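The chain contents come next:
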Amino acid sequence: MDITEQTPEEITATFSLKPFQGRQIFQWIHRRQVWNFDNMTDLSKDLRRQLAETCHLPLLKLEQRMESQRSPGTAKMLFRLRDGLAVESVVIRDKDRVTFCLSTQVGCAVRCAFCATGLSGFKRNLSAGEIVEQALQLVAIENIKERNPNIVYMGMGEPFRNYDAVIRSIRLLSHPQGLNIGSRRITVSTAGEIDGIRRFSEEGWQVRLSISLHAATDELRSQLVPLNRKYPLKLLMQAVRDYVEKTGRHVTFEWVLLAGVNDMPEQARALARLVRHLTCTVNLIPYNSVPSLSYRAPSQKICKVFRTILEDEGVKCTLRKERGTDIDAACGQLMCKDQERVVAQATPIVGNT
């Protein structure tokens, strides 16, 4: 049983406990990040034994931590799952701001042309508990005492192809008995799964939505984001407009700048025409290199020209700083290169403190 993905009420019902006991167990896992039932000292020995015999805890084991030398405060974690597969998560510190980048799938089937994750293929969806535990373990590993990180679902995988688990994980991360992360601190990024966008607009919360756009014409976007062949820009942008109208929420568009591909002035103007009537921000991301792919980043001068064109057209935009490229922790670089080795050496995960 994956107890990490259960609410206090569900834990109470599953084990026929009193409500305060369900809250105690939930708090041990989510607030204190304790993975060994024997260390949950305010529970009876019989209950601890029952939990140990029926529940999987922890779901992840830290296999590797890599610290960026170019971007102090940025680190990438390789977590091994109980079945021997692995995912990567990233923590980014910027002054007083801490951001956790979480994965939602092992690999990715969307296979954007410039992204490393799709190269490893799609293995499976993560459970809500596996998604949540990435954040819980990052809190413990990185000693985040303030317990108020920002969460971005921008790691491995397409979140809206694992919709139910992602939504449950958000509710668990924002649970007042756990990390209690405010919904405005959470962002979900999609490559354009329209059904997911429409469902997301019905959730009734202030979780942020980000759209990985990367091109303003169907011809180019279909080359870069194959999902565009199923959901062309006309349908995608209508779904985004409906989302903004229904929720009143701000939307972010992600645009990876690829030299000689989508960094030209005409692309900037086409992008401005596409989004300027929306309540939105365009986040420009200079390409982070992947050795097996031939794309490269534009010069800083070209990036700034692109940004200036958007600003002159009345589009709010930002130009992202490089973070973690030296450890393959930047946008589009998560891949789990040693996946096969991890599987071959897999051993059962046991509880720890």
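Check the entry above for the structure.
All residue numbers refer to position in the chain's written sequence, counted from 1. This being a predicted model, a pLDDT of at least 70 is required before a residue's local features are given, and a value of 80 or more before pairs of side-chain atoms are given or counted; all residues contribute to the totals for chains, interfaces and linings. Where side-chain values are given, they derive from all heavy atoms of the structure, hydrogens and water being excluded.

1. Considering the packing of aromatic side chains
In step 1: Only rings of Phe, Tyr and Trp enter the pairing, Trp through its six-membered ring, and a pair is recorded when the two centres are within 6.5 Å. The plane angle decides the type: under 30 degrees is stacked, over 60 is edge-to-face, the rest tilted. In this structure the tally under the stated criterion is six aromatic pairs.
In step 2: For the pair phenylalanine 160 and tyrosine 163, a centre-to-centre distance of 5.6 Å together with 45° between the ring planes defines the contact as tilted.
In step 3: For every residue, the accessible area (1.4 Å probe, protein chains only) is compared with the maximum for its type, and the residue is labelled buried under 20%, exposed over 50%, or partly exposed between those bounds. Residue phenylalanine 160 is classed as buried on the basis of its relative accessible area of 7%.
In step 4: Ring geometry for phenylalanine 160 and phenylalanine 200: centres 5.4 Å apart, planes at 50°, overall tilted. With phenylalanine 160 in the loop between β7 (150–153) and α5 (163–173) and phenylalanine 200 in helix α6 (residues 194–200), the pair connects residues that are 40 residues apart, well separated along the chain. Here phenylalanine 160 matches phenylalanine 200 in class, with each residue buried.
In step 5: An aromatic cluster of three or more residues is present, and its members are Phe160, Tyr163, Phe200, Trp205 and Tyr243.
In step 6: Over the ring of tryptophan 28 we find arginine 32; its NZ or CZ atom is 4.1 Å from the centre of that ring. Going along the chain from the N terminus, every DSSP run of H or I of four or more residues is numbered as a helix, and every run of E of two or more is numbered as a strand. Throughout this description, the term charge over a ring refers to an Arg CZ or Lys NZ atom that lies within 6 Å of the ring centre and within 35 degrees of the ring normal.

2. A word on the pairing of strand β9 (residues 208–212)
In step 1: A large share of β9 lies buried, amounting to four of its five residues.
In step 2: Only strands that DSSP links by at least two bridges are regarded as paired with each other. Sheet analysis places strand β8 (residues 186–190) next to β9, joined by four bridges and oriented parallel. Its bridge partner lying in β9, valine 188 is registered against leucine 209.
In step 3: Relative to strand β10 (residues 251–257), β9 runs parallel, the two being bridged by four bridges. When the bridges of β10 are listed, serine 210 appears paired with threonine 252.

By themselves, these are just geometric observations and shouldn't be taken as functional.
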